[in-house]
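Coordinates in review
One-letter residues, chain by chain:
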Amino acid sequence: MAAGKFQKTVRKDGLRIVTETMPGQRSLALGIWFDVGSRYEPDPIAGASHFLEHMVFKGTPTRNAREIALYLERLGGVLNAFTTREHTCYHARVLDEHLPEAVSLLSDISTRATLPPHEVVKERGVICEEIKDVEDTPNEAVHDLFTASLWPNHPVGRPIMGSIQTVSAMTKGALAAYRKKYYTADRVVVAASGGLTHEKVCKLVDKHLKLPASNGNLDAVSPNGIVPRRAIGQRDIKQTHVVLGMPTWPFADSRRYALLIGNNLLGGGMSSRLFQTVREKRGLVYSIFAFHDSLRDTGHFAVYFACDPTQTVHATDLVLREIGRLASTPIPSKELSDVKSQLKGNLVLGLESTQSRMHRLARHELYLGRHIPPESTMKSIDGVRASDVMTMARDAFTEDALALSIIGPVTEDILGQVRWDNLAPRRSKRPTK
């Protein structure tokens with residue numbers, strides 16, 4: 001793992017620039033991260049962050065849509081963007097010699113997009129088709145149903161893209177007002193990693209990225225205390241698609257390292273307990289995995305699988321039993337050591353990508369306000385004891401905290417057949433505090 005040189009600059013307007021210089025790299029990854037995503041949208045404009053992400057590629061005062069698409073591609077570079085519940089990122093990967101072009105283009109589209117009304121109308125249709133595509137794909141739709149069950153009636157639980165109703169009503173005025181309110185200097189992190197110098201990145205950002213001052217604090221209500229639900233989405237399809245899980249901890253909470261180990265132990269690959277038990281030994285599923293995410297004030301752990309409708313209860317019981325076992329039985333030392341090695345190996349392999357390093361820089365700055373060297377992360381992973389994982393599981397993996405979503409040819413009656421008592425009946429400590 002090649003060590004990079006980390007540097008950070010905070011401008012007078014609050015904009016932060018974080019870089020990692022990697023000697024010998026011919027490429028670099030650059031991202032402009034806005035500290036705002038779908039959870040900050042008022043209900044009538046749900047989906048505005050994602051809609052705005054689409055619209056920035058439609059033209060600026062100096063570039064039309066084709067020129068934007070061609071500007072970096074003609075140099076062999078890649079331009080893209082994404083929206084999450086808490087962030088919107090515009091990013092590029094280019095050769096080191098094309099850093100000026102990347103900064104110029106990303107600054108232009110992210111702050112000066114003209115949002116032509118006819119393009120807004122066109123994009124309404126595009127995004128509505130994107131929403132329909134997810135709704136017609138049960139292994140994707142079940143995840144939206146899960147977050148809505150985990151955080152019911154809360155912005156964190158809404159689909160990032162919004163709904164067909166809110167997207168169909170989106171206007172240029174609403175998008176412009178949203179950008180004006182949230183696209184401010186104090187909510188921006190510029191992250192870059194690869195063949196670069198910090199001084200050059202700062203100079204280019206100062207030249208091209210002009211943003212208004214802050215308009216105040218983000219509008220965000222914590223989802224702590226919300227009671228998860230269990231939801232069935234009936235579909236006439238060949239499989240049932242299931243996601244079950246619980247709320248956990250924010251990104252800054254040190255307990256996430258124990259959760260990371262528990263997640264990989266349960267469903268982090270072919271050697272995981274769930275894969276071996278539910279697929280290899282019982283043959284009930286083709287795909288099964290665990291996943292987790294951490295936000296500013298909460299997080300979640302979950303398991304996804306798909307199976308024959310007649311095996312839904314059996315497979316769900318097996319998953320709950322394995323989750324419950326993590327809270328009741330210490331992890332054997334060899335198994336714990338193997339999982340730690342897996343996590344550290346995954347970290348090192350990921351650090352071979354400038355894109356992964358850029359993402360890591362940005363997330364640490366946005367959530368922690370500081371950089372954590374990979375060596376420190378590996379030390380934190382090594383420091384997790386079997387008792388820490390058990391405590392984590394007892395606190396988080398309880399029956400009253402469980403959210404469940406199922407899409408398939410099943411009815412509500414299925415909920416009465418599941419052995420919920422495979423989990424502890426009550427939470428000993430609220431994990432979101």
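Before reading on, note that the structure itself is shown above.
In this report, we go over the structure that sits alongside the text.

The rules behind the values
- Residues numbered from 1 in each chain as written.
- Predicted model: local features only at pLDDT ≥ 70, side-chain atom pairs only at ≥ 80, totals over all residues.
- Heavy atoms only, no water.
- Phe/Tyr/Trp six-rings, centres within 6.5 Å; stacked < 30°, edge-to-face > 60°.
- Helix = DSSP H or I, 4+ residues; strand = E, 2+ residues; numbered from the N terminus.
- Buried < 20%, exposed > 50% of the residue type's maximum accessible area, 1.4 Å probe, protein only.
- Lys NZ or Arg CZ within 6 Å of the ring centre and 35° of its normal.
- Arc of directions from axis to C-beta.
- Contact = heavy atoms within 4.5 Å.
- Pairing = 2+ DSSP bridges.
- Axes fitted to C-alpha atoms, helices over the stretch in contact; angles between N-to-C directions.
- Polar contact = N/O pair within 3.5 Å; in protein donor to acceptor, adjacent residues only side chain to side chain.

As a further point, take the packing of aromatic side chains. Scanning the model with the defined rule gives eight aromatic pairs in all. Ring centres of Phe-34 and Tyr-90 lie 6.0 Å apart, and the angle between their planes is 80 degrees; this geometry places the pair in the edge-to-face category. With a gap of 56 residues between them, Phe-34 in strand E3 (residues 27-34) and Tyr-90 in strand E5 (residues 88-95) connect regions that are remote in the sequence. Accessibility assignment for this pair places Phe-34 and Tyr-90 in one class, buried. Between Phe-251 and Tyr-367, the ring centres sit 4.9 Å apart and the planes meet at 20 degrees, which makes this aromatic pair stacked. Of this pair, Phe-251 sits in the loop between strand E8 (240-247) and helix H9 (256-267) while Tyr-367 sits in helix H13 (residues 354-368), and the two are 116 residues apart along the sequence. As far as the burial class goes, Phe-251 and Tyr-367 line up, both buried. Seen from the ring of Tyr-257, Arg-256 lies directly overhead, with NZ or CZ sitting 5.0 Å from the centre.

By the burial criterion, the buried members of helix H14 (residues 374-382) are Pro-374, Thr-377, Met-378 and Ile-381. The buried residues of H14 occupy an angular sector of 95 degrees when the element is viewed end-on, so they sit on one face. In this fold, the buried residues of H14 make contact with H9, helix H12 (333-350) and H13.

Before going further, it helps to examine the pairing of E3. Within E3, eight of the eight residues are buried, leaving the element largely enclosed by the surrounding structure. In E3, alternate side chains face the same way, and those of Ser-27, Ala-29, Gly-31 and Trp-33 on one face and Leu-28, Leu-30, Ile-32 and Phe-34 on the other are all buried. Pairing analysis gives eight bridges linking E3 to E5, with the strands arranged antiparallel. Considered in E5, the bridge of Gly-31 is made with His-91. Bridge count for E3 against strand E6 (residues 188-194) is seven bridges, and the pairing is antiparallel. Bridge pairing in E6 links Leu-30 to Ala-192.

Another aspect to go through is the sheet that holds strand E11 (residues 403-408). Spatially, the five strands line up as an open sheet ordered E7-E11-E8-E10-E9, and their pairing is mixed. Two strands close off the open sheet at either side, each with one partner strand: strand E7 (230-234) and strand E9 (285-294). For this sheet, the mean angle separating the axes of adjacent strands, direction not counted, is 10 degrees. Sheet topology note: the E8/strand E10 (residues 299-307) ladder contains eight bridges and is antiparallel. What sits directly across from Gly-245, in E10, is Ala-302. Across the sheet, helix H10 (residues 273-281) is in contact with E9 and E10; its angle to E9 comes to roughly 155 degrees.

Here Thr-111 shows up in helix H3 (residues 99-112). A relative accessible area of 18% means that Thr-111 is categorised as buried. Among the polar contacts made by the side chain of Thr-111, one reaches the main-chain carbonyl oxygen of Ser-107 at a distance of 2.7 Å. Among residues more than four places away in sequence, those in contact with Thr-111 are Arg-179, Leu-209, Lys-210 and Leu-211.

If you walk across this open sheet you meet the six strands as E1-E2-E6-E3-E5-E4, and the pairing is mixed. Because the sheet does not close on itself, it has two edges, and the strands there are strand E1 (5-10) and strand E4 (78-83). In this sheet, adjacent strand axes meet at a mean angle of 15 degrees when their direction is disregarded. Running at roughly 165 degrees to E4, helix H1 (residues 48-55) makes contact with E4 and E5 of the sheet.

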